Protein chains: 2
Amino acid sequence: MQHFNTDDIQGLSKLYRLNLINSITGYKSANMIGTKSNSGEENVAIFSSITHLGSNPPLLHFTLRPNTVPRDTYKNIKENYFFTVNHVSLGQIDQAHHTSAKYDENISEFDQTQLESEYRLDWHAPFVKGSPICLGCRYLNEYEIKENGCVLIIAAIEHVFVEDQLLQADGWVKLESGEVVAINGLDGYALPQLQKRLEYARPNDIIKKP
Amino acid sequence: MQHFNTDDIQGLSKLYRLNLINSITGYKSANMIGTKSNSGEENVAIFSSITHLGSNPPLLHFTLRPNTVPRDTYKNIKENYFFTVNHVSLGQIDQAHHTSAKYDENISEFDQTQLESEYRLDWHAPFVKGSPICLGCRYLNEYEIKENGCVLIIAAIEHVFVEDQLLQADGWVKLESGEVVAINGLDGYALPQLQKRLEYARPNDIIKKP
(Lines give C-alpha, C1' and ligand atoms only; values in the text may rest on other atoms or scores of the structure.)
Protein backbone atom coordinates (compact mmCIF):
# COMPACT_ATOMS: atom_id res chain seq x y z
CA MET A 1 0.00 0.00 0.00
CA GLN A 2 1.00 3.59 -0.61
CA HIS A 3 1.01 5.84 2.45
CA PHE A 4 0.85 9.62 2.80
CA ASN A 5 0.91 11.40 6.16
CA THR A 6 0.08 15.05 6.80
CA ASP A 7 3.58 16.23 5.93
CA ASP A 8 3.66 14.16 2.74
CA ILE A 9 0.31 15.60 1.65
CA GLN A 10 1.44 19.14 2.43
CA GLY A 11 4.55 18.61 0.32
CA LEU A 12 2.71 17.43 -2.79
CA SER A 13 2.27 19.64 -5.84
CA LYS A 14 -1.06 21.43 -5.90
CA LEU A 15 -2.46 19.35 -8.76
CA TYR A 16 -1.34 16.02 -7.29
CA ARG A 17 -2.91 16.94 -3.95
CA LEU A 18 -6.13 18.08 -5.63
CA ASN A 19 -6.40 14.80 -7.52
CA LEU A 20 -5.53 12.67 -4.49
CA ILE A 21 -7.76 14.30 -1.89
CA ASN A 22 -10.69 14.81 -4.24
CA SER A 23 -10.78 11.13 -5.11
CA ILE A 24 -9.89 9.64 -1.75
CA THR A 25 -13.30 9.94 -0.06
CA GLY A 26 -15.02 7.72 -2.63
CA TYR A 27 -17.65 8.20 -5.31
CA LYS A 28 -19.60 11.44 -5.34
CA SER A 29 -22.94 12.39 -6.82
CA ALA A 30 -22.96 14.13 -10.20
CA ASN A 31 -25.46 16.96 -10.28
CA MET A 32 -26.04 20.16 -12.18
CA ILE A 33 -27.44 23.05 -10.16
CA GLY A 34 -29.70 25.39 -12.13
CA THR A 35 -30.42 28.94 -10.96
CA LYS A 36 -31.83 32.20 -12.32
CA SER A 37 -31.11 35.72 -11.13
CA ASN A 38 -33.94 38.11 -10.36
CA SER A 39 -33.14 39.89 -13.60
CA GLY A 40 -33.61 36.66 -15.58
CA GLU A 41 -30.06 35.43 -16.20
CA GLU A 42 -29.89 31.63 -16.11
CA ASN A 43 -26.95 29.64 -14.79
CA VAL A 44 -26.07 25.96 -14.59
CA ALA A 45 -23.01 24.45 -12.88
CA ILE A 46 -21.83 20.96 -11.98
CA PHE A 47 -21.48 19.98 -8.31
CA SER A 48 -20.20 16.81 -6.68
CA SER A 49 -21.00 17.61 -3.05
CA ILE A 50 -24.79 17.32 -2.99
CA THR A 51 -25.73 14.87 -0.25
CA HIS A 52 -28.88 13.61 1.42
CA LEU A 53 -29.36 15.24 4.84
CA GLY A 54 -32.71 13.92 5.99
CA SER A 55 -36.02 12.56 4.75
CA ASN A 56 -38.56 14.16 7.08
CA PRO A 57 -38.40 17.01 6.32
CA PRO A 58 -36.69 16.23 2.97
CA LEU A 59 -33.38 18.07 3.03
CA LEU A 60 -30.08 18.09 1.19
CA HIS A 61 -26.84 19.97 1.58
CA PHE A 62 -23.86 20.93 -0.54
CA THR A 63 -20.73 23.03 -0.13
CA LEU A 64 -19.21 25.83 -2.12
CA ARG A 65 -16.42 28.33 -1.86
CA PRO A 66 -17.96 31.74 -2.39
CA ASN A 67 -14.61 33.28 -3.22
CA THR A 68 -13.63 30.92 -6.02
CA VAL A 69 -15.93 28.64 -8.01
CA PRO A 70 -19.52 29.01 -9.11
CA ARG A 71 -20.19 32.50 -7.84
CA ASP A 72 -23.23 32.96 -10.06
CA THR A 73 -24.86 29.93 -8.47
CA TYR A 74 -24.42 31.34 -4.99
CA LYS A 75 -25.43 34.86 -5.98
CA ASN A 76 -28.62 33.68 -7.68
CA ILE A 77 -29.58 31.38 -4.81
CA LYS A 78 -29.11 34.19 -2.32
CA GLU A 79 -31.26 36.50 -4.46
CA ASN A 80 -34.39 34.38 -4.56
CA TYR A 81 -33.67 31.05 -2.74
CA PHE A 82 -34.69 28.91 -5.74
CA PHE A 83 -32.51 26.31 -7.40
CA THR A 84 -32.78 22.98 -9.15
CA VAL A 85 -30.71 19.80 -8.87
CA ASN A 86 -30.43 17.78 -12.08
CA HIS A 87 -28.67 14.44 -12.26
CA VAL A 88 -26.03 13.89 -14.90
CA SER A 89 -26.76 10.89 -17.09
CA LEU A 90 -24.29 9.07 -19.33
CA GLY A 91 -25.04 11.12 -22.45
CA GLN A 92 -24.63 14.44 -20.62
CA ILE A 93 -21.13 13.94 -19.16
CA ASP A 94 -19.18 16.18 -21.55
CA GLN A 95 -21.67 19.02 -21.47
CA ALA A 96 -22.09 18.84 -17.70
CA HIS A 97 -18.33 18.84 -17.11
CA HIS A 98 -17.95 21.88 -19.32
CA THR A 99 -20.12 23.92 -16.96
CA SER A 100 -17.09 23.96 -14.63
CA ALA A 101 -15.22 26.23 -17.06
CA LYS A 102 -14.63 29.69 -15.66
CA TYR A 103 -16.76 31.96 -17.79
CA ASP A 104 -17.21 35.61 -16.93
CA GLU A 105 -20.07 36.39 -14.61
CA ASN A 106 -23.48 36.75 -16.20
CA ILE A 107 -22.61 34.34 -18.98
CA SER A 108 -25.04 31.43 -18.99
CA GLU A 109 -23.67 27.93 -19.41
CA PHE A 110 -26.94 27.15 -21.16
CA ASP A 111 -25.66 29.36 -23.99
CA GLN A 112 -22.15 27.91 -23.91
CA THR A 113 -23.10 24.22 -24.03
CA GLN A 114 -25.73 22.03 -25.62
CA LEU A 115 -27.59 21.80 -22.31
CA GLU A 116 -31.10 23.22 -22.52
CA SER A 117 -33.11 24.83 -19.76
CA GLU A 118 -36.67 23.75 -19.14
CA TYR A 119 -39.30 25.27 -16.85
CA ARG A 120 -41.73 23.22 -14.81
CA LEU A 121 -44.78 24.35 -12.86
CA ASP A 122 -44.09 27.87 -11.68
CA TRP A 123 -40.60 27.14 -10.35
CA HIS A 124 -38.36 30.18 -10.77
CA ALA A 125 -35.13 28.26 -11.45
CA PRO A 126 -34.51 26.35 -14.67
CA PHE A 127 -34.30 22.57 -14.84
CA VAL A 128 -31.94 20.79 -17.23
CA LYS A 129 -33.79 19.11 -20.08
CA GLY A 130 -33.15 15.39 -20.34
CA SER A 131 -31.97 14.79 -16.78
CA PRO A 132 -33.61 11.59 -15.49
CA ILE A 133 -34.07 13.08 -11.98
CA CYS A 134 -34.71 16.75 -11.25
CA LEU A 135 -35.36 18.38 -7.89
CA GLY A 136 -36.87 21.75 -7.12
CA CYS A 137 -35.05 23.05 -4.03
CA ARG A 138 -35.36 26.07 -1.80
CA TYR A 139 -32.46 27.55 0.20
CA LEU A 140 -33.08 27.40 3.94
CA ASN A 141 -29.83 28.29 5.63
CA GLU A 142 -26.07 28.28 5.39
CA TYR A 143 -23.24 27.49 7.77
CA GLU A 144 -19.78 28.89 7.35
CA ILE A 145 -17.22 26.13 7.77
CA LYS A 146 -14.50 28.08 9.50
CA GLU A 147 -11.91 25.31 9.00
CA ASN A 148 -11.51 26.29 5.33
CA GLY A 149 -13.96 29.08 4.53
CA CYS A 150 -16.45 26.88 2.67
CA VAL A 151 -20.16 27.45 3.03
CA LEU A 152 -22.55 24.57 3.65
CA ILE A 153 -25.93 25.23 2.07
CA ILE A 154 -29.02 23.56 3.55
CA ALA A 155 -32.05 23.28 1.28
CA ALA A 156 -35.54 21.84 1.29
CA ILE A 157 -36.49 19.41 -1.49
CA GLU A 158 -39.90 20.74 -2.57
CA HIS A 159 -40.38 19.00 -5.90
CA VAL A 160 -39.16 15.62 -7.10
CA PHE A 161 -39.34 14.72 -10.78
CA VAL A 162 -38.19 11.22 -11.67
CA GLU A 163 -38.53 9.28 -14.90
CA ASP A 164 -41.10 6.53 -14.62
CA GLN A 165 -38.77 3.58 -15.14
CA LEU A 166 -36.50 4.58 -12.21
CA LEU A 167 -39.19 4.64 -9.52
CA GLN A 168 -39.74 1.29 -7.81
CA ALA A 169 -42.84 0.14 -5.93
CA ASP A 170 -41.37 0.92 -2.49
CA GLY A 171 -40.18 4.42 -3.35
CA TRP A 172 -36.59 3.41 -4.02
CA VAL A 173 -35.17 5.10 -7.10
CA LYS A 174 -33.06 2.80 -9.25
CA LEU A 175 -30.41 5.23 -10.46
CA GLU A 176 -29.00 2.65 -12.87
CA SER A 177 -32.20 2.75 -14.94
CA GLY A 178 -31.50 6.41 -15.72
CA GLU A 179 -27.82 5.83 -16.53
CA VAL A 180 -27.04 8.26 -13.69
CA VAL A 181 -23.28 8.66 -13.28
CA ALA A 182 -21.00 9.14 -10.28
CA ILE A 183 -17.86 11.26 -10.03
CA ASN A 184 -14.41 9.93 -9.14
CA GLY A 185 -12.22 12.86 -8.10
CA LEU A 186 -12.32 16.06 -10.10
CA ASP A 187 -12.72 14.70 -13.59
CA GLY A 188 -13.53 10.96 -13.63
CA TYR A 189 -17.04 9.91 -14.59
CA ALA A 190 -18.20 6.39 -13.82
CA LEU A 191 -21.39 4.47 -14.59
CA PRO A 192 -22.50 2.31 -11.65
CA GLN A 193 -24.17 -1.06 -12.04
CA LEU A 194 -26.42 -2.28 -9.25
CA GLN A 195 -25.04 -5.36 -7.52
CA LYS A 196 -27.68 -5.95 -4.86
CA ARG A 197 -30.22 -4.43 -2.55
CA LEU A 198 -29.97 -5.75 0.99
CA GLU A 199 -32.57 -6.29 3.68
CA TYR A 200 -32.77 -3.98 6.66
CA ALA A 201 -29.96 -5.24 8.92
CA ARG A 202 -30.93 -6.81 12.25
CA PRO A 203 -28.60 -8.12 14.95
CA ASN A 204 -27.40 -11.69 14.54
CA ASP A 205 -28.74 -12.28 11.01
CA ILE A 206 -25.30 -12.71 9.45
CA ILE A 207 -22.54 -15.29 9.60
CA LYS A 208 -19.95 -14.17 12.15
CA LYS A 209 -16.33 -15.08 12.26
CA PRO A 210 -15.68 -18.81 12.71
CA MET B 1 -42.15 11.59 -15.36
CA GLN B 2 -43.41 11.03 -11.85
CA HIS B 3 -43.83 14.16 -9.74
CA PHE B 4 -44.01 14.64 -5.98
CA ASN B 5 -44.47 18.04 -4.34
CA THR B 6 -43.98 18.88 -0.67
CA ASP B 7 -47.49 17.76 0.28
CA ASP B 8 -47.16 14.51 -1.66
CA ILE B 9 -43.86 13.74 0.08
CA GLN B 10 -45.32 14.54 3.48
CA GLY B 11 -48.21 12.18 2.80
CA LEU B 12 -46.05 9.19 1.89
CA SER B 13 -45.56 6.26 4.24
CA LYS B 14 -42.38 6.53 6.29
CA LEU B 15 -40.62 3.72 4.44
CA TYR B 16 -41.58 4.98 0.98
CA ARG B 17 -40.34 8.46 1.88
CA LEU B 18 -37.09 7.09 3.32
CA ASN B 19 -36.43 5.12 0.15
CA LEU B 20 -37.35 7.99 -2.16
CA ILE B 21 -35.46 10.82 -0.48
CA ASN B 22 -32.41 8.72 0.36
CA SER B 23 -31.97 7.74 -3.28
CA ILE B 24 -32.99 10.98 -4.97
CA THR B 25 -29.75 12.92 -4.46
CA GLY B 26 -27.67 10.41 -6.43
CA TYR B 27 -24.88 7.97 -5.65
CA LYS B 28 -23.19 8.20 -2.27
CA SER B 29 -19.84 7.03 -1.01
CA ALA B 30 -19.71 3.71 0.87
CA ASN B 31 -17.43 3.93 3.89
CA MET B 32 -16.97 2.20 7.19
CA ILE B 33 -15.95 4.42 10.10
CA GLY B 34 -13.75 2.72 12.68
CA THR B 35 -13.41 4.06 16.23
CA LYS B 36 -12.17 2.94 19.65
CA SER B 37 -13.25 4.18 23.06
CA ASN B 38 -10.69 5.26 25.61
CA SER B 39 -11.37 2.01 27.46
CA GLY B 40 -10.50 0.00 24.35
CA GLU B 41 -13.87 -0.95 22.87
CA GLU B 42 -13.75 -1.00 19.08
CA ASN B 43 -16.62 0.00 16.82
CA VAL B 44 -17.22 0.02 13.07
CA ALA B 45 -20.27 1.42 11.26
CA ILE B 46 -21.24 2.10 7.67
CA PHE B 47 -21.79 5.69 6.50
CA SER B 48 -22.93 7.10 3.17
CA SER B 49 -22.48 10.82 3.87
CA ILE B 50 -18.70 11.17 3.88
CA THR B 51 -17.77 13.89 1.40
CA HIS B 52 -14.66 15.76 0.34
CA LEU B 53 -14.58 19.25 1.83
CA GLY B 54 -11.21 20.62 0.75
CA SER B 55 -7.72 19.61 -0.32
CA ASN B 56 -5.52 22.19 1.38
CA PRO B 57 -5.84 21.49 4.24
CA PRO B 58 -7.21 18.00 3.47
CA LEU B 59 -10.67 17.88 5.05
CA LEU B 60 -13.80 15.77 4.88
CA HIS B 61 -17.20 15.97 6.49
CA PHE B 62 -20.09 13.66 7.31
CA THR B 63 -23.38 13.90 9.15
CA LEU B 64 -24.97 11.87 11.90
CA ARG B 65 -27.97 12.00 14.17
CA PRO B 66 -26.67 11.70 17.71
CA ASN B 67 -30.07 10.66 19.00
CA THR B 68 -30.62 7.73 16.67
CA VAL B 69 -28.01 5.90 14.63
CA PRO B 70 -24.40 5.04 15.37
CA ARG B 71 -24.11 6.49 18.85
CA ASP B 72 -20.96 4.54 19.64
CA THR B 73 -19.21 6.14 16.68
CA TYR B 74 -20.01 9.63 17.92
CA LYS B 75 -19.22 8.85 21.54
CA ASN B 76 -15.83 7.36 20.68
CA ILE B 77 -14.92 10.22 18.35
CA LYS B 78 -15.78 12.76 21.03
CA GLU B 79 -13.66 10.88 23.57
CA ASN B 80 -10.39 10.95 21.69
CA TYR B 81 -10.96 12.59 18.25
CA PHE B 82 -9.54 9.61 16.31
CA PHE B 83 -11.39 7.68 13.62
CA THR B 84 -10.73 5.86 10.38
CA VAL B 85 -12.55 5.86 7.05
CA ASN B 86 -12.42 2.58 5.14
CA HIS B 87 -13.89 2.14 1.68
CA VAL B 88 -16.28 -0.71 1.04
CA SER B 89 -15.15 -2.95 -1.80
CA LEU B 90 -17.30 -5.44 -3.70
CA GLY B 91 -16.46 -8.41 -1.48
CA GLN B 92 -17.28 -6.49 1.71
CA ILE B 93 -20.83 -5.35 0.89
CA ASP B 94 -22.77 -7.80 3.07
CA GLN B 95 -20.51 -7.43 6.08
CA ALA B 96 -20.36 -3.65 5.78
CA HIS B 97 -24.15 -3.37 5.47
CA HIS B 98 -24.61 -5.49 8.58
CA THR B 99 -22.78 -2.89 10.69
CA SER B 100 -25.99 -0.82 10.40
CA ALA B 101 -27.84 -3.33 12.62
CA LYS B 102 -28.81 -1.85 15.98
CA TYR B 103 -26.70 -3.73 18.48
CA ASP B 104 -26.61 -2.71 22.12
CA GLU B 105 -24.02 -0.13 23.02
CA ASN B 106 -20.53 -1.45 23.69
CA ILE B 107 -21.00 -4.38 21.32
CA SER B 108 -18.34 -4.28 18.62
CA GLU B 109 -19.41 -4.93 15.04
CA PHE B 110 -15.94 -6.44 14.58
CA ASP B 111 -17.18 -9.28 16.81
CA GLN B 112 -20.56 -9.53 15.08
CA THR B 113 -19.31 -9.69 11.49
CA GLN B 114 -16.41 -11.13 9.56
CA LEU B 115 -14.80 -7.69 9.36
CA GLU B 116 -11.39 -7.60 11.04
CA SER B 117 -9.74 -4.64 12.68
CA GLU B 118 -6.18 -3.76 11.85
CA TYR B 119 -3.85 -1.22 13.47
CA ARG B 120 -1.42 0.95 11.53
CA LEU B 121 1.37 3.15 12.82
CA ASP B 122 0.31 4.40 16.23
CA TRP B 123 -3.19 5.41 15.17
CA HIS B 124 -5.63 4.93 18.06
CA ALA B 125 -8.63 3.93 15.93
CA PRO B 126 -8.85 0.61 14.10
CA PHE B 127 -8.74 0.29 10.33
CA VAL B 128 -10.77 -2.34 8.46
CA LYS B 129 -8.58 -5.08 7.05
CA GLY B 130 -8.90 -5.53 3.30
CA SER B 131 -10.30 -2.10 2.46
CA PRO B 132 -8.52 -0.78 -0.65
CA ILE B 133 -8.44 2.79 0.73
CA CYS B 134 -8.15 3.69 4.41
CA LEU B 135 -7.90 7.16 5.94
CA GLY B 136 -6.70 8.16 9.39
CA CYS B 137 -8.85 11.13 10.44
CA ARG B 138 -8.97 13.50 13.37
CA TYR B 139 -12.11 15.30 14.54
CA LEU B 140 -11.77 19.06 14.28
CA ASN B 141 -15.19 20.53 14.86
CA GLU B 142 -18.92 20.00 14.58
CA TYR B 143 -21.83 22.12 13.47
CA GLU B 144 -25.36 21.46 14.61
CA ILE B 145 -27.72 21.60 11.66
CA LYS B 146 -30.71 23.15 13.33
CA GLU B 147 -33.04 22.36 10.40
CA ASN B 148 -33.23 18.71 11.49
CA GLY B 149 -30.95 18.21 14.47
CA CYS B 150 -28.16 16.46 12.55
CA VAL B 151 -24.54 17.14 13.38
CA LEU B 152 -21.98 17.86 10.68
CA ILE B 153 -18.55 16.57 11.65
CA ILE B 154 -15.46 18.22 10.15
CA ALA B 155 -12.26 16.20 10.20
CA ALA B 156 -8.68 16.43 9.04
CA ILE B 157 -7.34 13.66 6.80
CA GLU B 158 -3.97 12.90 8.43
CA HIS B 159 -3.10 9.55 6.86
CA VAL B 160 -3.96 8.15 3.45
CA PHE B 161 -3.42 4.46 2.71
CA VAL B 162 -4.22 3.37 -0.83
CA GLU B 163 -3.49 0.10 -2.60
CA ASP B 164 -0.73 0.51 -5.17
CA GLN B 165 -2.79 -0.30 -8.26
CA LEU B 166 -5.33 2.47 -7.55
CA LEU B 167 -2.87 5.37 -7.40
CA GLN B 168 -2.19 6.99 -10.76
CA ALA B 169 0.83 9.08 -11.75
CA ASP B 170 -0.95 12.42 -11.22
CA GLY B 171 -2.35 11.56 -7.78
CA TRP B 172 -5.79 10.59 -9.03
CA VAL B 173 -7.08 7.47 -7.33
CA LYS B 174 -8.85 5.09 -9.70
CA LEU B 175 -11.58 3.75 -7.44
CA GLU B 176 -12.60 1.15 -10.02
CA SER B 177 -9.27 -0.65 -9.58
CA GLY B 178 -10.19 -1.36 -5.94
CA GLU B 179 -13.74 -2.49 -6.78
CA VAL B 180 -14.91 0.36 -4.54
CA VAL B 181 -18.72 0.48 -4.45
CA ALA B 182 -21.25 3.31 -4.25
CA ILE B 183 -24.56 3.39 -2.39
CA ASN B 184 -27.95 3.97 -4.02
CA GLY B 185 -30.43 4.93 -1.30
CA LEU B 186 -30.44 3.06 1.98
CA ASP B 187 -29.67 -0.44 0.80
CA GLY B 188 -28.57 -0.55 -2.85
CA TYR B 189 -24.91 -1.26 -3.61
CA ALA B 190 -23.54 -0.51 -7.07
CA LEU B 191 -20.18 -1.10 -8.71
CA PRO B 192 -19.12 1.85 -10.90
CA GLN B 193 -17.16 1.47 -14.11
CA LEU B 194 -15.06 4.38 -15.27
CA GLN B 195 -16.32 5.88 -18.52
CA LYS B 196 -13.83 8.73 -19.01
CA ARG B 197 -11.60 11.28 -17.39
CA LEU B 198 -12.02 14.74 -18.85
CA GLU B 199 -9.61 17.59 -19.29
CA TYR B 200 -9.81 20.68 -17.09
CA ALA B 201 -12.67 22.64 -18.66
CA ARG B 202 -11.85 25.98 -20.27
CA PRO B 203 -14.26 28.45 -21.87
CA ASN B 204 -15.15 27.83 -25.52
CA ASP B 205 -13.51 24.40 -25.88
CA ILE B 206 -16.77 22.55 -26.49
CA ILE B 207 -19.33 22.39 -29.28
CA LYS B 208 -22.17 24.77 -28.48
CA LYS B 209 -25.71 24.59 -29.67
CA PRO B 210 -26.13 24.89 -33.43
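Colleague: Sorry if this is basic, but what is going on with the pairing of strand β6 (residues 58-64) of chain A here?
Modeller: Every other side chain in a regular strand lies on the same face of the sheet, so the side chains alternate between the two faces. All names here are of chain A. Of all seven residues that make up β6, seven are buried, and the element is covered over most of its length. Along β6, one buried face is formed by Pro58, Leu60, Phe62 and Leu64 and the opposite face, lined by Leu59, His61 and Thr63, is buried too. Where strand β5 (residues 51-55) lies against β6, four bridges are found, and the strand directions are antiparallel. In the strand pairing of β6, threonine 51 is matched with histidine 61. Turn length for the β5-β6 hairpin, with the two strands adjacent in sequence and antiparallel, is two residues. The sheet contact formed by β6 and strand β11 (residues 150-162) spans six bridges and is antiparallel. What sits directly across from threonine 63, in β11, is leucine 152.

Colleague: Looking at this model, I keep getting lost on the environment of isoleucine 50 of chain A. Mind explaining?
Modeller: With respect to the helices, strands and loops of the structure, isoleucine 50 of chain A is situated in the loop between β4 (42-47) and β5. Excluding residues that lie within four positions of it along the chain, isoleucine 50 of chain A makes contacts with Ser29, Asn31, Ile33, Leu60, His61, Phe62 and Val85 of chain A together with Thr25 of chain B.

Colleague: Sorry if this is basic, but what is going on with the relation of the copies chain B and chain A here?
Modeller: What connects the two chain copies is a rotation about an axis and a shift along it. When chain B is fitted onto chain A, the two copies agree to an RMSD of 0.0 Å after a turn of 180° and an axial shift of 0.0 Å. Here the two chains are linked by the operation of a two-fold rotation axis. The rotation axis passes nearest to the C-alpha of proline 192 of chain B in chain B, at a distance of 1.7 Å. Looking at the interface residues of chain B, 100% of them are also at the interface in chain A, so both copies use one shared face.

Colleague: I'm lost on the nonpolar core in this one. Help?
Modeller: In summary, soluble globular proteins display a tendency toward joint burial of nonpolar side chains. Within the largest apolar cluster, 72 residues are counted, with the highest numbers of intra-cluster contacts made by Leu60 and Phe62 of chain A together with Leu60 and Phe62 of chain B. In this structure, Leu59, Tyr143 and Ile154 of chain A together with Ile154 of chain B belong to the second largest nonpolar core, which totals 16 residues.

Colleague: Looking at this structure, I do not really get the packing of aromatic side chains. What am I missing?
Modeller: By convention here, two paired aromatic rings are described through the distance between centres and the angle between planes. Residue and element names in this part refer to chain A. Throughout the structure, instances matching the rule amount to 12 aromatic pairs over all chains. Ring geometry for phenylalanine 4 and tyrosine 16: centres 6.3 Å apart, planes at 55°, overall tilted. Of this pair, phenylalanine 4 sits in strand β1 (residues 2-5) while tyrosine 16 sits in helix α2 (residues 14-23), and the two are 12 residues apart along the sequence. Each member of the pair, phenylalanine 4 as well as tyrosine 16, carries the same accessibility label: buried.

Colleague: What am I meant to see in the pattern of salt bridges here?
Modeller: One side chain can pair with another of opposite charge once the charged atoms of both are near each other. For the structure on display, the rule yields 18 salt bridges over all chains. Among the ionic pairs, lysine 129 of chain A bridges to glutamate 116 of chain A, the shortest N-O distance being 3.9 Å. On the criterion of sequence distance, the pair formed by lysine 129 of chain A in the loop between β9 (127-128) and β10 (133-145) and glutamate 116 of chain A in the loop between α5 (109-112) and β8 (117-118) is long-range, its members being 13 residues apart. Residue lysine 129 of chain A is classed as partly exposed on the basis of its relative accessible area of 46%. Judged by its relative accessible area of 38%, glutamate 116 of chain A falls in the partly exposed class. Residues joined in a network through salt bridges with shared partners are Asp170 and Arg197 of chain A together with Asp187 of chain B.

Colleague: Looking at this structure, I do not really get the environment of histidine 159 of chain B. What am I missing?
Modeller: Counting through the fold element by element, histidine 159 of chain B comes out in strand β11 (residues 150-162). For histidine 159 of chain B, a relative accessible area of 12% gives the class buried. Separated by 21 residues in the primary sequence, histidine 159 of chain B and arginine 138 of chain B place their C-alpha atoms 9.6 Å from one another. Among residues more than four places away in sequence, those in contact with histidine 159 of chain B are His3, Phe4 and Asn5 of chain A together with Leu121, Trp123, Cys134, Leu135 and Gly136 of chain B. In this structure the side chain of histidine 159 of chain B is engaged in a polar contact, spanning 2.8 Å, whose partner is the side chain of histidine 3 of chain A.

Colleague: Any chance you could explain unusual backbone geometry here in plain terms?
Modeller: Residues apart from glycine generally show negative phi values, whereas peptide bonds are mostly found in trans. Residues and elements named next belong to chain A. Of the consecutive residues asparagine 56 and proline 57, the connecting peptide bond is found in the cis state with omega at 0°. Tracing the chain through its elements places proline 57 in the loop between β5 and β6. Although it is not a glycine, glutamate 179 adopts a positive phi angle of roughly 50°. Relative to the helices and strands, glutamate 179 resides in the loop between β11 and β12 (182-184).

Colleague: What is the right way to read the environment of leucine 186 of chain A from this model?
Modeller: Residues and elements named next belong to chain A. Relative to the elements of secondary structure, leucine 186 occurs in the loop between β12 and β13 (188-197). Overall, leucine 186 belongs to the partly exposed group, its relative accessible area being 38%. Sequence-distant contacts of leucine 186, that is, excluding residues within four places in its chain, are made with Leu18, Asn19, Asn22 and His97.

Criteria and thresholds
Residues numbered from 1 in each chain as written. Chains lettered and ligands numbered in written order. Predicted model: local features only at pLDDT ≥ 70, side-chain atom pairs only at ≥ 80, totals over all residues. Heavy atoms only, no water. Buried < 20%, exposed > 50% of the residue type's maximum accessible area, 1.4 Å probe, protein only. Helix = DSSP H or I, 4+ residues; strand = E, 2+ residues; numbered from the N terminus. Pairing = 2+ DSSP bridges. Contact = heavy atoms within 4.5 Å. Least-squares fit on C-alpha atoms with pLDDT ≥ 70 in both. Core = buried A, V, L, I, M, F, W, Y, C linked by side-chain atoms within 4.5 Å. Phe/Tyr/Trp six-rings, centres within 6.5 Å; stacked < 30°, edge-to-face > 60°. Salt bridge = Lys/Arg side-chain N within 4 Å of Asp/Glu carboxyl O. Polar contact = N/O pair within 3.5 Å; in protein donor to acceptor, adjacent residues only side chain to side chain.

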